[in-house]
Amino acid sequence: MLTINVVTLFPELFAAPCATSIMGRAAGQGLVTYRVVPLRVYTHDRHQTVDDYAYGGGAGMVLKPEPFFEALDDLEAAGPVVLLSARGRPFTHDAAVRWSIGAALTLLCGHYKDVDHRVAEREGVEEVSIGDFVLSGGEFAALCVMDAVVRLLPGALGDHESAATDSYYEGLLSPPSYTRPPTYRGHAVPEVLLSGDHAKIAAWRRAQAERLTRERRPDLWARYETGHRSDGTD
Ligand SMILES: C[S@@+](CC[C@H](N)C(=O)[O-])C[C@H]1O[C@@H](n2cnc3c(N)ncnc32)[C@H](O)[C@@H]1O
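In this text, all values refer to a predicted model and were calculated from it rather than measured experimentally. (Residues numbered from 1 in each chain as written. Predicted model: local features only at pLDDT ≥ 70, side-chain atom pairs only at ≥ 80, totals over all residues. Heavy atoms only, no water.)

**Observations regarding the overall build of the protein**
- Secondary structure assignment for the protein yields nine helices and 10 strands.
- A principal-axis box enclosing the C-alpha atoms of the protein has dimensions of 70 × 40 × 40 Å.
- Taken across its 234 residues, the protein has 38% of its residues classed as buried.
- Expressed as a percentage of contacts within the protein between residues at least 6 apart in sequence, the contacts between residues at least 24 apart total 75%.
- Summed over all atoms, the accessible surface of the protein reaches about 13900 Å², with 53% contributed by carbon and sulfur.
- Across the protein, 23 positive and 31 negative side-chain charges occur, with their mean positions spaced 6 Å apart. (Helix = DSSP H or I, 4+ residues; strand = E, 2+ residues; numbered from the N terminus. Buried < 20%, exposed > 50% of the residue type's maximum accessible area, 1.4 Å probe, protein only. Contact = heavy atoms within 4.5 Å. Areas by Shrake-Rupley, 256 points an atom, 1.4 Å probe, with all protein chains shown as cover. Lys, Arg positive; Asp, Glu negative; His and termini not counted. Charge placed at Lys NZ, Arg CZ, Asp CG, Glu CD.)

**Description of the sheet that holds strand β7 (residues 114–115)**
- Read from one edge to the other, the open sheet built from three strands follows the order β3-β4-β7, with strand pairing classed as mixed. The open sheet is flanked by β3 (51–53) and β7, the only strands paired with a single partner.
- Pairing between strand β4 (residues 61–63) and β7: two bridges, direction parallel. Counterpart to Val-62 in the pairing with β7 is Asp-114. (Pairing = 2+ DSSP bridges.)

**Brief notes about the side chain of Asp-51**
- Among the structural elements, Asp-51 can be located in strand β3.
- Look at Asp-51: it is buried, it has no salt bridge, and the nearest opposite charge is Arg-40 at 5.9 Å. (Salt bridge = Lys/Arg side-chain N within 4 Å of Asp/Glu carboxyl O.)

**A few points about the sheet that holds strand β8 (residues 125–129)**
- One open sheet accounts for five strands, arranged β2-β1-β6-β5-β8; its pairing is parallel. Both outer strands of the open sheet, β2 (32–38) and β8, are each paired with one neighbouring strand and no more. Averaged over all adjacent pairs, the angle separating strand axes in this sheet is 35°, with direction ignored.
- Relative to β2, strand β1 (residues 2–8) is paired through seven bridges, and the arrangement is parallel. Bridging across to β2, Ile-4 finds its partner in Tyr-34.
- Against the sheet, helix α6 (residues 139–150) contacts β1, β2, β5 (81–90) and β6 (104–108), and its axis sits at roughly 175° relative to β1. (Axes fitted to C-alpha atoms, helices over the stretch in contact; angles between N-to-C directions.)

**Here's the deal with the pattern of salt bridges**
- Tallied over the full model, the rule gives 10 salt bridges.
- In this structure, Glu-170 and Arg-206 form a salt bridge, with 3.4 Å as the shortest nitrogen-oxygen distance. Of this pair, Glu-170 sits in the loop between α7 (161–164) and β9 (183–184) while Arg-206 sits in helix α8 (residues 198–216); the two residues are 36 residues apart in sequence, bridging distant segments of the chain.
- Residue Arg-206 is classed as partly exposed on the basis of its relative accessible area of 34%.

**Describing helix α4 (residues 93–100)**
- Of all the positions in α4, only Ala-95, Ala-96, Trp-99 and Ser-100 are classed as buried. Projected down its long axis, α4 shows its buried positions confined to an angular sector of 130°, all on one face.
- Where the residues of α4 are buried, they touch β1, β5, β6, β8 and α6. (Arc of directions from axis to C-beta.)

**Digging into the site of the ligand**
- Inspection of the region around the ligand gives 19 residues, with Leu-84, Gly-110, Lys-113, Phe-133 and Leu-135 positioned closest.
- Between Ile-130 and the ligand, the recorded distance is 3.0 Å, taken from a backbone N or O atom to a nitrogen atom.
- Measuring from a nitrogen atom of the ligand, one finds a backbone N or O atom of Gly-131 at 3.1 Å.
- Contact with the protein chains covers 86% of the free accessible surface of the ligand, which is 580 Å².
- Residue contributions to the shell around the ligand peak at three residues, all from β5. (Near = heavy atom within 4 Å. Polar contact = N/O pair within 3.5 Å; in protein donor to acceptor, adjacent residues only side chain to side chain.)

**Brief notes about the side chain of Ser-100**
- Within the fold, Ser-100 resides in helix α4.
- For Ser-100, a relative accessible area of 10% puts it in the buried group.
- One polar contact links the side chain of Ser-100 to the main-chain carbonyl oxygen of Val-97, over a distance of 2.8 Å.
- Not counting residues up to four positions away in its chain, the partners in contact with Ser-100 are Val-149, Leu-152 and Leu-153.

Okay, here's the thing in structure tokens:
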């Protein structure tokens, strides 16, 4: 059973996503528990102050270190501690796999201009970004990480095959999918998918996955090719 702790200024943002679809079902099956910790619980003044002006000046408020430190002190088994941050290392499928096999994962959500950098410097904390853009807060980033991790838990998906054939699982983008009708507004489903020839379909999907990865993600393609060469599997 995986426990995902989330420390946030906006706990209400987690209610529906944690109760819906794969994330909700996985919790219902006892595969994961979500513990959403309101940051303001760890304030000690009448106004429950979580932020302050930036040293050195400049626009925007900075989240204070103490509430995050105290929230972490209170967690018995935090597992990897991730501070969602636009300056973090990119979140990847490999990280999702790593975190899905642990017992716990803790996500810290920033907001406003920034989080006091001593939170990122606390031992064991890693800064992770979900992409090269800036969100208003870490909550939606945390939800992306949670969903990506939870769907990898054995039993979370009805058919585990569907995770194993998704993008990134084997280092490639996933091939395109089609369903009925066979022709729609002049666009036909590729013949091979209607052929019933499983070997041909698998070969077509492989070729599409390789083409898309080569065209859209030369970085992934280079890694994939290198892996295959050094494996001797190619
Ligand atoms: C407005 S942003 C702060 C951006 C920060 N001043 C910067 O330029 O790197 C507020 C919070 O949103 C979250 N956030 C923003 N962009 C993110 C991203 N790409 N990945 C993960 N978290 C992000 C972080 O928790 C961050 O502390």
